[in-house]
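Topology and contacts: notes
Each chain, letter by letter, is given below.
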Amino acid sequence: MPKAKVRSAIDLNLLKPQGKPEKLPVRLLRWLLATGRYLFVFVEAIVLIAFAARFKLDADLAANKEAIEDQIPYIESLQPYETLIRQTQLKLSNIDSIKKSSLDYPEVLKKIADQTPIGVKISNINIKKGIDDAEINITGQTQLNNDLTSFLMGLKEEATFANVNLGSVGLENEVIKFTLELSAKGEKIYEK
């Protein structure tokens, strides 16, 4: 025989509310009264802080504007010095660019002296400045042909000089007199 089902006297369903369900406007009003007042106080506090900060920032702005206006006459009085400084800077940059593009004459003479053998006597050096190079004429004399050859080859091997040519050679009283023609570039000499 099957067992009889026992029913309990209370029918309890936890998913459904037992009382009457609250309507949405009532729940919203209850939430506003419970937690909304804190939100309202927080927003009001931010508004008051912003309002007070506006006065402070306006005062700071006015003070800074006043300080700037006080400095204007002083800055305007320095205008001639600024003009003079700008002119000086322009002159210095022009001098620097001219110096970089020009030939370093002491260095050219040193390189010629380094290549000159002991037996060669240089009597004259003419340097004629061009746009980006210099034409050099060297007049000298020597007792030995090997000294002249050594001098000529040394100048040709030097990277500073180009177009090294023997202009003229003559023999006078057992002394070889010669003229050399060469050119030197300003950029090669100035780079250090």
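Quick caveat: nothing in here was measured; it's all calculated off a predicted structure.

Observations concerning the overall build of the protein
Per the secondary structure count, the protein includes five helices and four strands. Along the protein, helices (α) and strands (β) appear in the sequence α-α-α-β-β-α-β-β-α when read from the amino end. For the protein, with 192 residues in total, the buried portion stands at 17%. Sequence-distant contacts, at least 24 apart, represent 57% of the contacts inside the protein between residues at least 6 apart. Accessible surface for the protein amounts to roughly 16,000 Å². Of this, 61% is attributable to carbon and sulfur atoms.

Side note on helix H1 (residues 24-77)
Count 3.6 residues to each turn of an α-helix, and residues three or four apart come out pointing the same way. The terminal C-alpha atoms of H1, which comprises 54 residues, lie 74 Å apart, in line with the 80 Å expected from a rise of 1.5 Å per residue. When the local axis directions of H1 are compared, the greatest deviation, roughly 55°, occurs at Thr35.

Structural notes on the packing of H1 against helix H2 (residues 79-101)
Where H1 contacts H2, the two axes come as close as 4 Å, and the packing angle between them is 40°. By the criterion of interaxial angle, the relationship of H1 to H2 is oblique. Along the contact surface, H1 presents Ile75, Glu76 and Ser77, while H2 presents Gln79, Pro80 and Tyr81. Residue composition of the contact of H1 with H2, by class: three nonpolar, two polar and one charged.

Topic: the packing of aromatic side chains
Enumeration according to the criterion identifies two aromatic pairs in this entry. The interplanar angle of 85° and the centroid separation of 5.0 Å between the aromatic rings of Phe51 and Phe55 together place this pair among those described as edge-to-face. In this pair, Phe51 and Phe55 are both assigned in helix H1, four residues apart and thus about one turn of the helix distant. Between Phe151 and Phe178, the aromatic rings sit 6.2 Å apart at their centres with planes inclined by 65°, giving edge-to-face as the arrangement. Placement of Phe151 in helix H4 (residues 145-157) and of Phe178 in strand E4 (residues 175-185) is noted, with a sequence separation of 27 residues between them. The residues Phe151 and Phe178 share a single accessibility class, namely buried.

With respect to the side chain of Asp147
Residue position: Asp147 is located in helix H4. Despite its burial, Asp147 pairs with no opposite charge; the closest candidate is Lys121, at 11 Å N-O. If sequence neighbours within four positions are ignored, Asp147 has contacts with Pro117, Gly119, Val120 and Thr142.

Remarks on the sheet that holds strand E3 (residues 161-172)
Pairing in this open sheet of four strands is antiparallel, and the strands run E1-E2-E4-E3 from one edge to the other. Either end of the sheet is taken by a strand with one partner, and the two such strands are strand E1 (120-129) and E3. Going from strand to strand, the sheet's axes swing by 15° on average, the running direction of each strand aside. Examined bridge by bridge, E1 and strand E2 (residues 133-142) share nine bridges and lie antiparallel to one another. Counted as the bridge partner of Lys121 is Gln141 from E2. Taken strand by strand, helix H3 (residues 105-115) contacts E1, E2 and E3, and its axis lies near 150° from that of E1.

Rules behind the numbers
Residues numbered from 1 in each chain as written. Predicted model: local features only at pLDDT ≥ 70, side-chain atom pairs only at ≥ 80, totals over all residues. Heavy atoms only, no water. Helix = DSSP H or I, 4+ residues; strand = E, 2+ residues; numbered from the N terminus. Buried < 20%, exposed > 50% of the residue type's maximum accessible area, 1.4 Å probe, protein only. Contact = heavy atoms within 4.5 Å. Areas by Shrake-Rupley, 256 points an atom, 1.4 Å probe, with all protein chains shown as cover. Expected span 1.5 Å × (residues − 1). Bend = angle between axes of the 7 residues up to and from the residue. Axes fitted to C-alpha atoms, helices over the stretch in contact; angles between N-to-C directions. Parallel < 35°, antiparallel > 145°, perpendicular 65-115°, else oblique. Nonpolar A, V, L, I, M, F, W, Y, C, P; charged D, E, K, R; others polar. Phe/Tyr/Trp six-rings, centres within 6.5 Å; stacked < 30°, edge-to-face > 60°. Lys, Arg positive; Asp, Glu negative; His and termini not counted. Salt bridge = Lys/Arg side-chain N within 4 Å of Asp/Glu carboxyl O. Pairing = 2+ DSSP bridges.

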